Amino acid sequence: MQQIEEYISKVNTDYAIAINGKWGRGKTYYVKNVLSNKIKKASKKMFYVSLNGISSTNELHNLIISTCTVNHLNTSGGSTTGLGERINRITEKLGFAQSVKSALKFHDFHFPESTIVVFDDLERISSNYNYKDLLGYINREFIETHNFRVILIGDFTQIKSSEFSLIKEKYIRWTVDYTLDLSQALLDLFSIFDPSNKDYYTHLLEHKEFLLSICETLEIYNLRTIKFFLEVYEMICENIDKKDYSIIIRHIIYSTLVYVVEFREGSFDYMRSLLDLPIVISQEDKRANGIVYTPLNNTKSFEEERLESNDELRKLHERFGRYTYNTIVAVYDNGTKYKYFESILELVRTGKLDEQKLIAELDAHKKQTKPILKFESNPTIDSLALFRSLKENELDQKIEELVESIRNGNLELEEFVRAINLLIYLNSEQLYSSPKKDLIEIIKEGIHKINIENSEVNFGRYSHFEMKELKNFDNSIYENINELIVQKNKFHIEQEALKILQNWEYEDDKSNAFYEIINKLPGEVIADKLITLIKDRIFIEALAREVFSTYRAVNAGEHHIEEVPKLEIISSRLKTQIDKGLDKIDRYILNQLIKQLDSSIAHLHKTV
């Protein structure tokens, strides 16, 4: 925003400048929290005017003069926010007639050398007002005659008036497109809770990068929405022990933010009851007596019929698709799950929190969630990390121990990366004497002895800084380590998918289970499991519908083409089971699954 800062430092200007940006993206926040501080540091003051609802030049002038009068009397600084009728009552009591207000001018109260005038909400003037009269008044009273520096703020995409485009260049020299620094904005929003709720503020800082990644992935830039989320999430945190739910805390953050975004979009307005929610949100099949409530020969599920008969429900279903699968859900720390918490949704909708229901829901989800990351301390590495507290002989001894651990393959991959970074650093600081080529040989010797199956830890985003330092030190070491990380993550992901496969028929979220299994496991392994379940009619029928809903409207593309050979293997293996001791109904239901598999395979082939 260099143009803005340079503009406020000028004198005797005869033009305005504008800040353009989408509504809710932080323009006003920038002006009131960033620009205002810069203005103060320049020994100037800001006079802020909101144009929201202004219907005439006379109304605008009266508002400005009333504000100037009140500010002049109490010397508290200029702002029109929230004054409304109070200002009019004050000015009436002071005996200001309309003629007196009209005679008074802004420059009777403020000097152009020391005052920056900001007109916000440019796109929100009343439909009874026009931009020709508005900009003409601002030019006449502030810019042309008295050389006040004027900044106009608005979302120009929302201004439909053709006259605005024609006349704005006459008064506005430059228009600056505002770009939100979301990372800094989050920190500023967090600071609202410091020091009033220090524990919550610290908790937010710990999860700042995660929240930032969600907002960027889902393109959530409306600061009012984020602030609303922070206030709702504070209520949740006040009623739980965050340490008890650390394993699912990101699921809570993610799901709460999703509810807040959709609530502010009006997505739940049509609902009479939470029973109206589509399955993609509630994660509950509509069943009767434990059986999916749809005839076996019906190609449409009960849910599909609901969606077809209710446009609002279908739109909500489509919107929530982006929350149940995206890079946050698929990648971040092995997947941050969207989870339906009815108590949190009710809190967002009504402002009321059922604490007992919240705890019950969190406890139930916590039991179903397995730890993803496990870090165990290594005493030698920990001691060397605090080398400043060691004696010289202790430092030498710990370095020797660490080198031996590296050479002998006694370190897991995560420890190995940390260990060699420590050696590289100590070597660069001349606290460990070894020629670079010798250190490289030690590291490469240890790399070949790492067993990637030793640990359950998934690297994910871990050790980004360490990896960057390795690349700077020696690119070949970096590439070797990076390849091990890829292999290790693949192994870990497959192990997690195998756990899901083992309990496939008991998984609550059948859709997510199918996605994890078909994406991460070989077709033969999946087929082996299905053969053990071919007499489970409810499961096989539900799987047929899951295959149908997964592939019916997608193109193969790069995401699904690798699934085709797996589906073909599964279909082929299941066909071998048709005549192996199944009764008539079992065969019928299994055939429905096979037909759906073959139909999906054909569809994917056509869309490659």
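Provided above is the structure to which this section pertains.
Quick summary incoming for the structure in this document.

What counts as what
- Residues numbered from 1 in each chain as written.
- Predicted model: local features only at pLDDT ≥ 70, side-chain atom pairs only at ≥ 80, totals over all residues.
- Heavy atoms only, no water.
- Helix = DSSP H or I, 4+ residues; strand = E, 2+ residues; numbered from the N terminus.
- Buried < 20%, exposed > 50% of the residue type's maximum accessible area, 1.4 Å probe, protein only.
- Contact = heavy atoms within 4.5 Å.
- Areas by Shrake-Rupley, 256 points an atom, 1.4 Å probe, with all protein chains shown as cover.
- Axes fitted to C-alpha atoms, helices over the stretch in contact; angles between N-to-C directions.
- Parallel < 35°, antiparallel > 145°, perpendicular 65-115°, else oblique.
- Nonpolar A, V, L, I, M, F, W, Y, C, P; charged D, E, K, R; others polar.
- Pairing = 2+ DSSP bridges.
- 1 Å grid on protein atoms, 1.4 Å probe; cavity = no way out; pocket = protein on both sides within 12 Å on 5 of 7 lines; lining within 4 Å.
- Points joined across faces, edges and corners; volume = space filled by probe spheres on them.
- Salt bridge = Lys/Arg side-chain N within 4 Å of Asp/Glu carboxyl O.
- Core = buried A, V, L, I, M, F, W, Y, C linked by side-chain atoms within 4.5 Å.
- Patch = residues over 30% accessible without salt bridge, like charges linked within 9 Å, V, L, I, M, F, W, Y side chains within 5 Å.
- Lys, Arg positive; Asp, Glu negative; His and termini not counted.
- Charge placed at Lys NZ, Arg CZ, Asp CG, Glu CD.
- Expected span 1.5 Å × (residues − 1).
- Arc of directions from axis to C-beta.
- Polar contact = N/O pair within 3.5 Å; in protein donor to acceptor, adjacent residues only side chain to side chain.
- Phe/Tyr/Trp six-rings, centres within 6.5 Å; stacked < 30°, edge-to-face > 60°.
- Lys NZ or Arg CZ within 6 Å of the ring centre and 35° of its normal.

A few words on the overall build of the protein chain. Across its full length, the protein chain carries 30 helices and seven strands. Burial analysis of the protein chain (608 residues in total) assigns 47% to the buried set. Put simply, of all contacts in the protein chain between residues at least 6 apart along the chain, 75% involve residues at least 24 apart. Of the roughly 31,200 Å² that the protein chain leaves accessible, carbon and sulfur atoms contribute 48%.

Glancing now at the packing of helix α20 (residues 392–408) against helix α22 (residues 436–447). Angle between the axes and distance between the axes: these two values describe a pair of packed helices. Two numbers describe how α20 lies on α22: the axes approach to 6 Å, and their chain directions differ by 45 degrees. Comparing their axes, α22 and α20 come out oblique. Note on element contacts: α22 touches α20 through Ile442, Glu445 and Gly446, opposite Val403, Ile406 and Arg407. For the contact of α20 with α22, a count of residues per class yields three nonpolar, one polar and two charged.

Let us look at the pairing of strand β2 (residues 45–50). Among the six residues in β2, five count as buried, and that is most of the element. The pairing of β2 with strand β3 (residues 115–120) spans six bridges and is parallel. Residue pairing across strands places Phe47 opposite Val117, the latter belonging to β3.

Time to look at empty space enclosed by the protein. One pass over the structure, following the stated rule, counts two cavities of 30 Å³ or more. There is about 60 Å³ of room inside the largest cavity. Looking at the largest cavity, the residues that line it are Trp504, Phe514, Ile517, Ile518, Ile526, Leu530, Leu543, Val547, Leu567, Ile570 and Leu597. For the lining of the largest cavity, the secondary structure elements donating two or more residues are α25 (510–520), α26 (523–531), α27 (537–551) and α29 (563–575).

On the basis of which strands lie adjacent, the open sheet formed by five strands has the order β2-β3-β4-β1-β5 and parallel pairing. At either end of the open sheet lies a strand with only one pairing partner, and these are β2 and β5 (172–177). Strand-to-strand twist of the sheet, defined as the mean angle between neighbouring strand axes without regard to direction, takes the value 20 degrees. Helix-sheet contacts for helix α2 (residues 27–41) involve β1 (16–20), β2, β3 and β4 (149–154), and the interaxial angle to β2 is about 160 degrees. Packed onto the sheet, helix α7 (residues 162–171) meets β1 and β5 and runs at close to 110 degrees relative to β5.

Here the structure, examined in full by the defined rule, presents 30 salt bridges. Here Lys38 ties to Glu5 by a salt bridge, and the two come within 3.4 Å at their closest N and O atoms. Of this pair, Lys38 sits in helix α2 while Glu5 sits in helix α1 (residues 2–8), and the two are 33 residues apart along the sequence. Judged by its relative accessible area of 32%, Lys38 falls in the partly exposed class. Residue Glu5 is classed as partly exposed on the basis of its relative accessible area of 34%. Here Asp528 ties to Arg573 by a salt bridge, and the two come within 2.7 Å at their closest N and O atoms. Of the two residues, Asp528 sits in helix α26 while Arg573 sits in helix α29, which places them 45 residues apart along the sequence. According to the relative accessible area criterion, Asp528 is partly exposed, its value standing at 41%. On the accessibility criterion, Arg573 (22% relative accessible area) is partly exposed.

Moving on to the nonpolar core. By size, the foremost hydrophobic cluster in this structure holds 74 residues, and its most contacted members are Ile151, Leu230, Tyr233 and Ile252. Residue contributions to this core peak at nine residues, all from helix α12 (residues 249–264). Those residues within four positions of Leu230 in sequence are excluded, and the remaining contacts are Leu189, Phe190, Phe193, Tyr200, Leu204 and Leu211. Core analysis: the next-biggest nonpolar cluster, separate from the first, contains 34 residues, Ile381, Tyr432, Ile447 and Ile452 among them.

Among the surface-exposed residues, Glu392, Asp396, Glu400 and Glu404 lie close enough to one another that they form a single negatively charged patch. Relative to the elements of secondary structure, Asp396 occurs in helix α20. Looking at Asp396, the relative accessible area reads 39%, which means it is partly exposed.

Here we take up α29. A rise of 1.5 Å per residue sets the reference length of α29, with its 13 residues, at 18 Å; its end C-alpha atoms lie 18 Å apart and thus fit the reference within 8%. Those residues of α29 that sit buried are Glu563, Val564, Lys566, Leu567, Ile570, Ser571 and Leu574. Buried residues along α29 cover an arc of 160 degrees about the axis, so they all sit on one side.

A word on the environment of Lys471. Locating Lys471 in the fold gives a position in helix α23 (residues 464–473). Placed 10 residues apart in sequence, Lys471 and Ile481 show a C-alpha to C-alpha distance of 9.9 Å.

Turning our attention to the layout of surface pockets. One number sums up the size of the second largest pocket: a volume of about 400 Å³. Elements that contribute at least two residues to the lining of the second largest pocket include exactly α12 and α15 (311–324). Of the residues contributing to the lining of the second largest pocket, the split by class is five nonpolar, four polar and eight charged.

For the rest of this paragraph, the subject is the side chain of His110. Mapped onto the elements of the fold, His110 is located in the loop between α5 (98–103) and β3. Within the structure, His110 has its side chain in polar contact with the side chain of Lys45 (distance 3.4 Å). When sequence neighbours within four positions are dropped, the list of residues in contact with His110 reads Lys45, Phe47, Cys68, Thr115 and Phe148.

We now examine the side chain of Glu262. You can see Glu262 is positioned in helix α12. Judged by relative accessible area, Glu262 falls into the buried class, the value being 0%. Residue contacts for Glu262: discarding those within four places in its chain leaves Ser267, Phe268, Leu316, Arg319, Phe320, Arg322 and Tyr323.

Our next topic: the packing of aromatic side chains. Aromatic ring pairs are described here by two measures, namely the spacing of the ring centres and the angle between the planes. Under the defined criterion, the tally for this structure stands at 19 aromatic pairs. Ring geometry for Phe142 versus Phe148: centroids 6.1 Å apart, planes at 70 degrees, classification edge-to-face. Across the pair, Phe148 and Phe142 agree in class, each one buried. Between the aromatic rings of Phe229 and Tyr233, the centroid separation amounts to 5.6 Å while the plane-to-plane angle is 10 degrees, which identifies the pairing as stacked. Placement of the pair is Phe229 and Tyr233 together in helix α11 (residues 223–237), with a separation of four residues, close to one helical turn. An identical accessibility class is assigned to Phe229 and Tyr233; each is buried. The structure contains a cluster of three or more aromatic residues connected by ring pairs, namely Phe47, Phe106, Phe119, Tyr137, Phe142 and Phe148. Its end group placed over the ring of Tyr48, Lys32 keeps NZ or CZ at 4.5 Å from the ring centre.

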